[in-house]
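# Fold and geometry: a report
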Amino acid sequence: MNQGTQPYVALDRVAKVYPSPRGDVEALADIDLEIAPGSFVSVVGPSGCGKSTLMKCLAGLVPITSGTIDINGRSLEGPPGAMGIVFQRDVLLDWRTILDNVLLQAELRRLPRADYRERAMQLLARFGLEGFEDRHPWELSGGMRQRAAICRALLCDPELLLMDEPFGALDAMTRDDLNVELTRIWQGTNKTVLFITHSIVESVYLADRVVMMSRGPGRIVEVIDIDLPRPRPLSIRETPAFGAYVHQIRHHFAELGILKE
Amino acid sequence: MTGWRKFLMGESRTRDVLLVLAALVAIWELGVWHYEPPRIFLPPPSAILAEFLTTPELFIRHMGYTLWTTLLAFTISVALGITLSVAIVYSRLLERTIYTLLVALNSVPKVALAPLFVIWLGTGMEPKIAVAVMLALFPIVIDTVLGLRSVDPDMVNLARAARASQLQILAKIRFPNALPSLFAGMKVAISFALVGAIVGEFVAGGNGLGFLVLVAQGQFDTTRVFVSLVLLGLMGTALFYALDFAERLMLPWHVSQRGEGGSQHGG
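Please read these numbers as outputs of a predicted model, since none were measured by experiment.

When its secondary structure is counted, chain B shows 11 helices and 0 strands. Within chain B, the proportion of its 267 residues that are buried is 40%. Sequence separation of at least 24 residues holds for 73% of the intrachain contacts in chain B that already meet a minimum separation of 6. By element, 71% of the accessible surface of chain B is carried by carbon and sulfur atoms, the whole surface being about 14,900 Å². When the 19 positive and 16 negative side-chain charges of chain B are each reduced to one mean point, those points stand 10 Å apart.

Shown next, in the form of structure tokens:
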């Protein structure tokens, strides 16, 4: 998709080495990846494959050792401005209400809170958090807290949304709900999403492209285009086409000795 | 009489503590009446109260002096402690030097330095404040440094990803996150500041409850010693609960303050 246009994210021979007293640790090696603007890409792999490091490098939080990262045609130096980020833990601030937690995004960017209040309320309503604006995070369930964290990431209308296993700590049903909500809200926006997960099913359900990573050192082993119609109901996961993608990825991981078949 | 009934039948920690205290005072009073120990050894509570009532303004004046010393020393300790903690957390060099030194010094019996402060600062309020600050500073710095450090790294990453400045991260994330630790340190520090003030008054000067205790002891006036001790106890308790109250007001969000209403919401 979007062939011929410039990629929104382009990684060229990116490597990341963490020096350590017991020898250097190669977290990422020879990463080449292009992400088209407005596409949803998920990265799937076993723990320790460097997928979180990849995201931190893309976010400009961790400097890369070699190679280049271009975002929207510009070389990455520090966190890009039009980026939102969601972590596995919601990292909501306990002393702020849900609304104030969402508005933190504007405050940290030194933007006037008043200008974003309306948008924050709309975002919260779209994620089913209407009426919870004045509650504190500890009064909410894990799923609601993570929804608020996504609203916080989306507040300043980022072009790029980075999500590091955002639903990894949630129960299976809440996770399904959030998968549906996330794709519903993403569709029709022009946001580029990079979604890290260790669930093969989740990666296929959400994405236009699935990037498979392997460890020792962290590298990309395969990129698979997911040609499934959108919007995708949850029941799409029971279709043969969906099953074939999941099987293909699982089989590939098995060949690499990462999964047992 | 329903108010009384509620007070006597319901669950109240204050009531239980007061009842135990009243019982102890009663046992003390009756014990002294029954066994009649020498006054110089143990006066009954009634005599202690009577002694206070003979010259209440004198006791209150000295109590005011000790209270003022304690509050000044506490305020200085909090201001200095927070500044030091922030500096320690943000500077590798200061962390390796000052913090290491502070932790090592913490095990030194600092009250032994009180006479030295008298030589340096005279017999006024200054040496007393100095001793009190010496004692109160440690718990504040140690707890605040811990609080400032124990921030979820992803919380800081989130702020950095939004291109926040170091000052913003401190003001909006690290410092509020450290407030519960700061309060824990301040609760210890307020008692230490009072101890420091008393020790300072023991060593030199002509004011404060510590001075009164020392003079009364020299005259073998045990009843007066007890009056001062009771006032000290009341003051220490009041100061601690004042901080506890401030903590409740300022940190309603903290785990230790959440009531039953703060339970998890389903969904």
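A word on empty space enclosed by the protein. For the structure shown, the criterion picks out 2 cavities of 30 Å³ or more. Taken as a whole, the largest cavity encloses approximately 50 Å³ of empty space. Leu 154, Leu 161, Leu 182, Ile 185, Trp 186, Thr 189, Lys 191 and Val 193 of chain A are the residues that line the largest cavity. When residues of the lining of the largest cavity are assigned to their parent elements, the largest contribution, 3 residues, is made by helix H5 (residues 172–186) of chain A. Each residue belonging to the lining of the largest cavity can be placed in one class, and the counts come to 6 nonpolar, 1 polar and 1 charged. Counted as a void, the second largest cavity has a volume near 40 Å³. Looking at the second largest cavity, the residues that line it are Met 83, Gly 84, Ile 85, Gln 105 and Arg 109 of chain A together with Leu 158, Ala 161 and Ala 162 of chain B. Elements that contribute at least two residues to the lining of the second largest cavity include exactly strand E6 (83–86) of chain A together with helix H8 (153–161) of chain B. Among the elements that line the lining of the second largest cavity, the one with the most residues is E6 of chain A, at 3 residues. When the residues that make up the lining of the second largest cavity are grouped by side-chain class, the tally is 5 nonpolar, 2 polar and 1 charged.

Facing 27 residues of chain B, the contacting portion of chain A comprises 30 residues. The contact between chain B and chain A buries some 2,700 Å² in all, and 58% of this surface belongs to carbon and sulfur atoms. Remark: the boundary between chain B and chain A carries 3 salt bridges. With a shortest N-O distance of 2.9 Å, Lys 172 of chain B and Glu 107 of chain A are connected by a salt bridge. Scanning the region where chain B abuts chain A turns up 9 residue pairs in polar contact (both at pLDDT 80 or more). When contributions to the side of chain B that touches chain A are tallied by element, the ones reaching two or more residues are H8 and helix H9 (166–203) of chain B. Ranked by residues supplied to the side of chain B that touches chain A, first place goes to H8 of chain B with 7 residues.

A pair of packed helices can be characterised by two numbers: the angle between their axes and the separation between those axes. Residues and elements named next belong to chain A. At a closest axis distance of 7 Å, the pairing of helix H2 (residues 98–108) and helix H4 (residues 142–154) adopts a crossing angle of 35 degrees. For the crossing formed where H2 meets H4, the hand is right-handed. Residue-level inspection shows Ile 98, Asn 101, Val 102 and Gln 105 of H2 in contact with H4, the latter providing Ala 148, Cys 151, Arg 152 and Ala 153.

Now for the pairing of strand E7 (residues 160–164) of chain A. All names here are of chain A. Burial within E7 is extensive, with 5 of its 5 residues counted as buried. Here E6 runs beside E7; their pairing, made up of 4 bridges, is parallel. Bridge pairing in E7 places Val 86 opposite Met 163. One ladder, built from 5 bridges, connects E7 with strand E8 (residues 192–197); its direction is parallel. Each bridged residue has a counterpart across the sheet, and for Leu 162 the counterpart in E8 is Leu 194. On the question of chirality, the crossover connecting E7 to the parallel E8 by way of H5 is right-handed.

With that out of the way, let us pick up the pattern of salt bridges. Residue and element names in this part refer to chain B. Applying the stated rule across the entire model yields 22 salt bridges over all chains. Residue Arg 149 is joined to Glu 95 by a salt bridge in which the shortest nitrogen-to-oxygen separation is 3.2 Å. Pair noted here: Arg 149 is in helix H7 (residues 125–149) and Glu 95 is in helix H5 (residues 92–105), with a separation of 54 residues, a long-range link.

Attention now moves to the layout of surface pockets. Residues and elements named next belong to chain B. Space inside the largest pocket adds up to approximately 490 Å³. Along the wall of the largest pocket there are 16 residues; nearest its centre are Leu 21, Val 25, Val 230, Leu 231 and Leu 234. When contributions to the lining of the largest pocket are tallied by element, the ones reaching two or more residues are helix H2 (13–35), helix H3 (45–54) and helix H11 (222–250). Per-element accounting of the lining of the largest pocket gives the leading share, 8 residues, to H11. Looking at the lining of the largest pocket, its residues break down into 14 nonpolar, 2 polar and no charged.

Parameters at a glance
- Residues numbered from 1 in each chain as written.
- Chains lettered and ligands numbered in written order.
- Predicted model: local features only at pLDDT ≥ 70, side-chain atom pairs only at ≥ 80, totals over all residues.
- Heavy atoms only, no water.
- Helix = DSSP H or I, 4+ residues; strand = E, 2+ residues; numbered from the N terminus.
- Buried < 20%, exposed > 50% of the residue type's maximum accessible area, 1.4 Å probe, protein only.
- Contact = heavy atoms within 4.5 Å.
- Areas by Shrake-Rupley, 256 points an atom, 1.4 Å probe, with all protein chains shown as cover.
- Lys, Arg positive; Asp, Glu negative; His and termini not counted.
- Charge placed at Lys NZ, Arg CZ, Asp CG, Glu CD.
- 1 Å grid on protein atoms, 1.4 Å probe; cavity = no way out; pocket = protein on both sides within 12 Å on 5 of 7 lines; lining within 4 Å.
- Points joined across faces, edges and corners; volume = space filled by probe spheres on them.
- Nonpolar A, V, L, I, M, F, W, Y, C, P; charged D, E, K, R; others polar.
- Buried area = accessible area lost by both parts, 1.4 Å probe.
- Salt bridge = Lys/Arg side-chain N within 4 Å of Asp/Glu carboxyl O.
- Polar contact = N/O pair within 3.5 Å; in protein donor to acceptor, adjacent residues only side chain to side chain.
- Axes fitted to C-alpha atoms, helices over the stretch in contact; angles between N-to-C directions.
- Left-handed = near helix turned anticlockwise from the far one by under 90°.
- Pairing = 2+ DSSP bridges.
- Right-handed = clockwise from strand over helix to strand, strands pointing away.

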